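# Structure at a glance
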Number of protein chains: 4
Amino acid sequence: MGLTRISEIRRRELRHAAYEVLQTEGMAGATIEKVAQKAGASKGIVLHYFKSKQQLFEHAMRHSNALLRDEVVRRMRLARTPEDRLWAIIEGNFSTAFFTPAICHAWLTLCAEVPRDPQLARIQRVIHARMRSNLRTALTALVPPDQTENVTLGITTLIDGLWLRLGLRSDGVSAPEALAQMADYLRHRIPQIPWQDRLERRD
Amino acid sequence: MGLTRISEIRRRELRHAAYEVLQTEGMAGATIEKVAQKAGASKGIVLHYFKSKQQLFEHAMRHSNALLRDEVVRRMRLARTPEDRLWAIIEGNFSTAFFTPAICHAWLTLCAEVPRDPQLARIQRVIHARMRSNLRTALTALVPPDQTENVTLGITTLIDGLWLRLGLRSDGVSAPEALAQMADYLRHRIPQIPWQDRLERRD
Amino acid sequence: MGLTRISEIRRRELRHAAYEVLQTEGMAGATIEKVAQKAGASKGIVLHYFKSKQQLFEHAMRHSNALLRDEVVRRMRLARTPEDRLWAIIEGNFSTAFFTPAICHAWLTLCAEVPRDPQLARIQRVIHARMRSNLRTALTALVPPDQTENVTLGITTLIDGLWLRLGLRSDGVSAPEALAQMADYLRHRIPQIPWQDRLERRD
Amino acid sequence: MGLTRISEIRRRELRHAAYEVLQTEGMAGATIEKVAQKAGASKGIVLHYFKSKQQLFEHAMRHSNALLRDEVVRRMRLARTPEDRLWAIIEGNFSTAFFTPAICHAWLTLCAEVPRDPQLARIQRVIHARMRSNLRTALTALVPPDQTENVTLGITTLIDGLWLRLGLRSDGVSAPEALAQMADYLRHRIPQIPWQDRLERRD
DNA sequence: GATGAATGAGGGTTCATTCAT
DNA sequence: TATGAATGAACCCTCATTCAT
């Protein structure tokens, strides 16, 4: 496929640079100049590919989320049972590739911008809806119908809370600690499944 | 004590104005000019009382947190049992005076700034430590020693996650929904206590 | 003659697009990008045919003026008497094809640029000289020699003034009103000619 | 009166500087930096007094027009007859203080901007209405009612046309030539008044 | 204590122009 | 011939901060 034209390459590079800058500088500190510099390009070219700073960072968020989604999808493909699928979602969200201080902080920064950027809000909404949908599907087989909502909220809230914590402090929580917490929750909330085993299986 | 000098009054007003501006404008959009305007003062006077913009917002965070702390303390004073105290902490964090979209968003905004502002980080750390301390004290009587850490983390994470959710969307969660989720967690995690009753007692 | 090579066609298209853009955007707002877009071409090709933005708009002015000149020439060819010729010049300048708000405004825009663009000034000078020459030729048979200068100035000034007016406001003057004003002037300035008849002949 | 505060002084200076820059640079070339430099101030202070570049130049136009208006009013006060008043208006518009290449060019530049700046359009409209009103008042005693409109249009159009001409070329017309043209028009259009005498009276 | 004048750095954005393909 | 990638300069504007009054 000839889709990988130079323009697509550049967009990818710049998007990536933008995300990296976001991690160290925050939204206000993330200037187009810095993004250009990190990408080894000129300031002008950034606006050549993205109409505005806002758009650039919207694309950055969309992209970073796509990566996380792929991580989750990849793990879900391997899952065979509902509990496997549920755990795949959780593990995907705390995979070592994503659950890093820098990425959590970039995510936090973008979250703080959501109420002031409708487009960002839309993206955030889509992300959220997808995760809820995945969770509910897995949960139907595990908890009574009138409790799926409660558990879905519980899981998403815990995930967000743990990401927030790592976004706040580099030593906030480690991935194993986060997973342990999730397992702790599931063990008590959906007790018939041997969640503990899963955790111990982890290398 | 005659501490309430005019200077103290001004500082209070400005701090409050800063917090209000933060709620609607976010960190990047919160200019000193807007704060001054909201306080009905001149731009110059703001920096007369606070050395810099950063300091102003640090004080704003400290202040807003003090309010939340007072809310919790007030409720804890009325509590008689460990479970009362535990629930007091939770209810304090979701009292209708604080658990509003604007406030949650301002809090989120400040959180996103934490990694770049050591002073803000320190404040955040103090806040967090106090809550953990309160929780642990209450929990010692409710769960085995080797589980207090787990439950403390679970509760704080859920609280943060719920605040985050309301900070992201005005219709993210309501206070009753948030409390219901907390009760759901406690009911399964510390089953010997009739948490449900507490929830139903609420007006 | 095989002069109509593809290059000549492109130049014509671009020149025309430039003029159209000028009408809606003014000089400052008329970017090469917009011209290219209106011509359905790429930005690069515009500067391939015209060395610079300035040159492009100089050509646009030259072209637009050529159109107006052709209009006048066409009418003069049909004229048989000096007064016919004089009126042909005037009618040409207020023909419905040219005396439009957009065109008058584009013209005004270019006029405002004249003092800063020597080339534009030269073009303007040529245009002006030709009209004066035409007018003087026609006037020699209609007014005493020592008054041709006065009347020439009067007519050109009125024409410019009326163009300016339509350039300023879309509803500044209509073509009939403009022609009526010209006839009013001529009726009093060269009273022996029945100018009014001419006006009434108009459909 | 204490109205001449420092702010008023600065505004005056900047407005004046803006107008001067406009004369040499045109609208597009008139940058805030140049205005600040000409006023011997910093770029920041310009935006401190005028919210935007547009506003600055709107004020400049308003101001420059006020000067012209005062010139006309001053002369009208001395006028005793309708023809005196009519001539006062005309002389005011060609007084040596205003009818200069630079000023006419600045005026032309602003005119070219009118269709794209509603505020500028409003100012322009007010100016125009005032002049028409003045003219009509004076003309009621000099021409039959059904002709005042025609003559008003003739005079304003000639004035505009002559300003345009000087705006286009430094040697376009001189003030005496312009006045001579106006007298030529009036002599033929309102023949009962000895306009020629007026012209000769000029020092 | 309080004002607001003044600065200057820096940010986003636009755009003419150049150049490799 | 034609494209569009790339640059860099410039511009408008915002804002924290300083300072004279």
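Let me begin by describing the structure that accompanies this report. (Residues numbered from 1 in each chain as written. Chains lettered and ligands numbered in written order. Predicted model: local features only at pLDDT ≥ 70, side-chain atom pairs only at ≥ 80, totals over all residues.)

## Focus: the interface of chain D and chain C
Opposite the 30 residues of chain D that make contact, chain C presents 30 residues. Counting only elements with at least two residues in the side of chain D that touches chain C, the list comes to helix 1 (6–29), helix 6 (101–113), helix 8 (145–168) and helix 9 (175–189) of chain D. Ranked by residues supplied to the side of chain D that touches chain C, first place goes to helix 8 of chain D with 11 residues. A class-by-class count of the residues in the side of chain D that touches chain C yields 13 nonpolar, 11 polar and six charged. (Contact = placed C-beta atoms within 7 Å. Helix = DSSP H or I, 4+ residues; strand = E, 2+ residues; numbered from the N terminus. Nonpolar A, V, L, I, M, F, W, Y, C, P; charged D, E, K, R; others polar.)

## Describing the protein's contact with DNA strand F
DNA strand F sits among 34 residues. The nearest are Ser42 and Gly44 of chain A, Gly44 of chain C together with Thr31 and Ser52 of chain D. Secondary structure elements with two or more residues in the surface near DNA strand F: helix 1 (6–29) and helix 3 (43–49) of chain A, helix 2 (32–39) and helix 3 (43–49) of chain B, helix 1 (6–29) and helix 3 (43–49) of chain C together with helix 2 (32–39) and helix 3 (43–49) of chain D. Residue composition of the surface near DNA strand F, grouped by class: 10 nonpolar, 14 polar and 10 charged. (Near = placed C-beta within 6 Å.)

## Some thoughts on the interface of chain A and chain B
Each side of the interface is counted separately: chain A has 30 residues, and chain B has 30 residues. Going through the elements one at a time, helix 1, helix 6 (101–113), helix 8 (145–168) and helix 9 (175–189) of chain A are the ones with two or more residues in the side of chain A that touches chain B. No other element matches helix 8 of chain A, which puts 11 residues into the side of chain A that touches chain B. The residue makeup of the side of chain A that touches chain B, split by class, is 13 nonpolar, 11 polar and six charged.

## A few points about the protein's contact with DNA strand E
Taken together, 34 residues form the shell around DNA strand E, and within it Thr31 and Ser52 of chain A, Gly44 of chain B together with Ser42 and Gly44 of chain D come nearest. Broken down by secondary-structure element, the contributors of at least two residues to the surface near DNA strand E are helix 2 (32–39) and helix 3 of chain A, helix 1 (6–29) and helix 3 of chain B, helix 2 (32–39) and helix 3 of chain C together with helix 1 and helix 3 of chain D. Class assignment for the residues of the surface near DNA strand E results in 10 nonpolar, 14 polar and 10 charged.

## Some thoughts on the relation of the copies chain D and chain C
Expressed as a screw operation, the relation of chain D to chain C combines 0.0 Å of axial shift with a rotation of 179 degrees, fitting to an RMSD of 0.2 Å. With respect to symmetry, the two chain copies, as superposed, fit the operation of a two-fold axis. When each C-alpha of chain D is compared by its distance to the rotation axis, Gly161 of chain D comes out closest, at 2.1 Å. When you check the interface residues of chain D against chain C, 100% turn up at the interface there too, and the contact is symmetric in its surfaces. (Least-squares fit on C-alpha atoms with pLDDT ≥ 70 in both.)

## Side note on the relation of the copies chain A and chain B
Structural alignment of chain A on chain B gives an RMSD of 0.2 Å, achieved by rotating through 179 degrees and translating 0.0 Å along the axis. A shared binding surface is used by both copies, with 100% of the interface residues of chain A retained as interface residues in chain B.

## Some remarks on the nonpolar core
Counting residues in each nonpolar core, the largest one holds 113 residues, and the members touching the most others are Ala18 and Val35 of chain A together with Ala18 and Val35 of chain B. Among all residues touching Val35 of chain B, those that are not within four sequence positions of it are Leu14, Ala17, Ala18, Val21, Ala30, Val46 and Leu56 of chain B. With 111 residues, the next largest nonpolar core counts Leu120 of chain C together with Ala39, Cys104 and Leu108 of chain D among its residues. (Core = buried A, V, L, I, M, F, W, Y, C linked by C-beta atoms within 7 Å. Buried ≥ 20, exposed ≤ 12 C-beta atoms within 10 Å, placed from the backbone.)

## As for the environment of Arg85 of chain C
Residue and element names in this part refer to chain C. Within the element layout of this structure, Arg85 appears in helix 5 (residues 82–93). On the basis of neighbour count, Arg85 is assigned to the buried category, with 22 C-beta atoms found within 10 Å. Distance from Arg85 to Val72, taken between C-alpha atoms, is 9.3 Å for residues 13 residues apart in sequence. If we skip the residues at most four places from it in the chain, Arg85 touches Met76, Ala79 and Ala138.

## Brief notes about the packing of helix 8 of chain A against helix 9 of chain A
Residues and elements named next belong to chain A. Following both chains from N to C, one finds helix 8 and helix 9 inclined at 165 degrees, their axes separated by 10 Å at the closest point. In terms of orientation, helix 8 and helix 9 fall into the roughly antiparallel class. Relative to helix 9, the crossing made by helix 8 is right-handed. Residues Val151, Gly154, Leu158 and Leu162 of helix 8 touch helix 9, and the partners they reach there are Ala178, Gln181, Met182, Tyr185 and Arg189. When the residues that make up the contact of helix 8 with helix 9 are grouped by side-chain class, the tally is six nonpolar, two polar and one charged. (Axes fitted to C-alpha atoms, helices over the stretch in contact; angles between N-to-C directions. Parallel < 35°, antiparallel > 145°, perpendicular 65-115°, else oblique. Left-handed = near helix turned anticlockwise from the far one by under 90°.)

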